[in-house]
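Below, each chain spelled out in residue letters.
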Amino acid sequence: MPLVTIDVIKDVFTPEQKRQLIAHVTEAMVAVEGEGMRPVTWVRIQEFEQGDWSIGGKPLQAADVQALRDGRAA
C-alpha cells in the first residue's frame, strides 16, 4: 500500500490546491503502479506552522513561499 506524504507550510495552499495535489499525486502513483493500486494509495498533506520550517537557517513564512512562487525575492 503506497503512502505519499507531502510536507507544506501552513497557509501556502488553499483547500482546492490541496485537493488538486492529492488528485494529481494519486494519478501519478496509479500510472506507475497500476489501476489496481488506486483503492490502497494514500496521499496525505502534512502542514507545518509558519516559522517551523527553514532553509539555510532562515525560518520560512507562507509569504516567503508565495513570493518565490510569484518570482519575487523571498
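Refer to the structure above for everything that follows.
These numbers were taken from a predicted model, which means no experiment stands behind them.

1. Quick look at the packing of aromatic side chains
Next up, step 1: Under the counting rule described, the total for this entry stands at 1 aromatic pair.
Next up, step 2: On the basis of an interplanar angle of 90 degrees and a centroid distance of 5.7 Å, the ring pair of Phe 48 and Trp 53 is categorised as edge-to-face.
Next up, step 3: For Trp 53, a relative accessible area of 28% puts it in the partly exposed group.

2. Let's talk about the pairing of strand E1 (residues 3-9)
Next up, step 1: Of the strand pairs in this sheet, E1 and strand E2 (residues 42-48) are connected by 7 bridges, and their pairing is parallel. Pairing of Thr 5 across the sheet is with Arg 44, part of E2.
Next up, step 2: In this fold, E1 hands off to helix H1 (residues 15-33), which returns the chain to E2; that crossover is right-handed.

3. Details of the pattern of salt bridges
Next up, step 1: According to the stated counting rule, one finds 8 salt bridges in the structure shown.
Next up, step 2: Where Arg 72 meets Asp 70, a salt bridge forms, and the shortest distance between an N and an O atom there is 3.2 Å.
Next up, step 3: Given the relative accessible area of 48%, Arg 72 is considered partly exposed.
Next up, step 4: Three or more residues are tied together by salt bridges with common partners; here these are Glu 27, Glu 35 and Arg 38.

4. Some points on unusual backbone geometry
Glycine aside, residues mostly have negative phi, and peptide bonds are mostly found in the trans state.
Next up, step 1: Positive phi is not limited to glycine here, since Asp 11 has a value of about 75 degrees.
Next up, step 2: Relative accessible area serves as the criterion here: at 48%, Asp 11 is assigned to the partly exposed category.

5. Here's the deal with the environment of His 24
Next up, step 1: When you line up the elements, His 24 lands in helix H1.
Next up, step 2: Between the C-alpha atom of His 24 and that of Gly 71, which follows or precedes it by 47 residues, the distance is 24 Å.

6. Remarks on the side chain of Thr 41
Next up, step 1: Within the secondary structure, Thr 41 sits in the loop between H1 and E2.
Next up, step 2: Using a relative accessible area of 11% as the deciding quantity, one classes Thr 41 as buried.
Next up, step 3: Reaching out from Thr 41, the side chain makes a polar contact with the backbone oxygen of Met 37 at a distance of 2.7 Å.
Next up, step 4: If we skip the residues at most four places from it in the chain, Thr 41 touches Pro 2, Met 29 and Glu 33.

Procedures and definitions
- Every chain is numbered independently, its residues counted from 1 as its sequence is written.
- The predicted nature of this model means local features are confined to residues of pLDDT at least 70 and side-chain atom pairs, given and counted, to a pLDDT of 80 or more, with totals for whole chains, interfaces and linings taken over all residues.
- Neither water nor hydrogens contribute to the side-chain values; these are computed over all heavy atoms in the structure.
- Note on aromatic pairs: the rings of Phe, Tyr and Trp (six-membered ring only in Trp) are paired at centre separations within 6.5 Å, and the planes decide the class, stacked below 30 degrees, edge-to-face beyond 60, tilted for the rest.
- Each residue is placed in one exposure class: buried if its accessible area under a 1.4 Å probe, protein chains only, is under 20% of its type's maximum, exposed if it is over 50%, and partly exposed if it falls in between.
- Between any two strands, pairing holds if DSSP finds at least two bridges.
- Elements are defined by DSSP. Helices are runs of H or I of four residues or more, strands are runs of E of two residues or more, and each kind is numbered from the N terminus.
- The definition of a right-handed crossover adopted here requires that, viewed with the strands pointing away, the path from the first strand over the helix to the second runs clockwise.
- Every case where a carboxyl oxygen of Asp or Glu lies within 4 Å of a side-chain nitrogen of Lys or Arg is listed as a salt bridge.
- Polar contacts, as used here, are pairs of N or O atoms within 3.5 Å; protein pairs need one atom able to donate a hydrogen and one able to accept it. Residues neighboring in sequence count only if both atoms are side-chain atoms.
- In what follows, residue pairs with any heavy atoms lying within 4.5 Å of each other are defined as contacts.

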